[in-house]
Amino acid sequence: MCRHLGYLGPERTLHSLVYDGQYSLETQAYAPRMTQGNLLNADGYGVGWYQDGAPVRFRRAQPIWTDQSFREVAGAVRASCAVAAIRSATAGFPVDESCAQPFRAGPWLFSHNGKIEGYGGVESRLRELAGDVADVPDARAPVDSAPLFALAVRHWREGAPLGDGLAAALAAITALAPGRYNLLASDGTSLAATTWGDSLFVREDGDAIRIASEPLDDDAGWRRVPDRSLVTAGLASGVRIDPL
């Protein structure tokens, strides 16, 4: 169910982030190795990065490997912090650009890899917990990831650190419904992620950090994150993994 990638480090092109590596994010769109229950991630994609401290996005509802224009543009854009995602739409949700992630609010970018089981039975309660999201268009997207994003935004706005906001959203949804809840977020200077039912790996290369659903190559530097963990990462603090 979907794949995502976070990067923090020296500026590099979006092309290198998305297309480099034997098992690049683009390759994972048509030949994923670790997804559950799907063979393709062809229902859209998105890349978010920061320009003058504010998040900028490029999203489409088509398979990433069919978009040659983005492949060219990605070589001209450089970023030091980015979140990218490819989508396999859950049955019942539209293949629409509004559902492609990362979602965005304020300085935050957010991606959800997974699904909420029995979403129809808990949607209203989730939206009630999230509160007023009138000024967050992505929180109203017609997909189960949207209220999870809204919950995280609520906690971030209340002052929670990046990782704590994800953990709080996860605690709220797991009290209501089973599912797979691998979440990923950035604020422009740090990354945070959760594992809950799906794969996640981290890699530190001196002054660069990557968090990805699957390793992008066969380098031994990739470390699997245990299930039900919270990952927080910053260039000064490095990578920290705590149980959830």
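Everything that follows concerns the structure shown earlier in this document.
For clarity, every value in this text was computed on a predicted model and none was experimentally measured.

> An account of the sheet that holds strand β3 (residues 54-60) is needed here, citing residue identities and associated values.
Where strands meet in a sheet, backbone hydrogen bonds hold them as pairs that are either parallel or antiparallel. Taking strand neighbours across the sheet as the criterion, the seven strands line up as β3-β2-β4-β1-β10-β9-β11 in an open arrangement whose pairing is antiparallel. Each edge of the open sheet carries a strand with a single partner, namely β3 and β11 (223-224). Note that strand β1 (residues 3-13) and strand β10 (residues 208-212) share four bridges and pair antiparallel. Each residue of the ladder has a partner; that of Tyr-7, found in β10, is Arg-210.

> An account of the environment of Ile-209 is needed here, citing residue identities and associated values.
Its location among the elements puts Ile-209 in strand β10. Expressed as a C-alpha distance, the spacing of Ile-209 and Tyr-7, which sit 202 residues apart in the sequence, is 5.8 Å. Among all residues touching Ile-209, those that are not within four sequence positions of it are Gly-6, Tyr-7, Leu-8, Leu-191, Arg-203, Glu-204, Ala-233, Gly-234, Leu-235, Gly-238 and Val-239.

> For the sheet that holds strand β13 (residues 238-243), give the residues involved together with the corresponding values.
Spatially, β5-β6-β7-β8-β12-β13 is the arrangement adopted by the six strands of the open sheet, whose pairing is antiparallel. Two strands close off the open sheet at either side, each with one partner strand: β5 (103-105) and β13. Looking at each pair of strands side by side, their axes are set apart by 15° on average, direction ignored. Inspection of the sheet shows strand β7 (residues 179-186) paired to strand β8 (residues 190-195) by three bridges, in the antiparallel sense.

> Any chance you could break down the nonpolar core for me, citing the residues and the numbers?
In this structure, Phe-110, Ile-116, Phe-149, Trp-156, Leu-166, Ile-173 and Tyr-181 are the most contacted members of the largest nonpolar core, which totals 36 residues. Within the residue set of this core, elements represented by two or more residues are β5, β6 (108-116), α4 (119-130), α5 (145-157), α6 (162-174) and β7. Per element, the largest residue contribution to this core is eight residues, and it comes from α5. Ignoring anything within four residues of it in the chain, the contact list for Ile-173 reads Ile-116, Leu-126, Leu-148 and Tyr-181. Judged by nonpolar contacts, the second largest core, of 24 residues, contains Tyr-7, Val-18, Ile-64 and Trp-222.

Cut-off values and rules
Residues numbered from 1 in each chain as written. Predicted model: local features only at pLDDT ≥ 70, side-chain atom pairs only at ≥ 80, totals over all residues. Heavy atoms only, no water. Pairing = 2+ DSSP bridges. Helix = DSSP H or I, 4+ residues; strand = E, 2+ residues; numbered from the N terminus. Contact = heavy atoms within 4.5 Å. Axes fitted to C-alpha atoms, helices over the stretch in contact; angles between N-to-C directions. Core = buried A, V, L, I, M, F, W, Y, C linked by side-chain atoms within 4.5 Å. Buried < 20%, exposed > 50% of the residue type's maximum accessible area, 1.4 Å probe, protein only.

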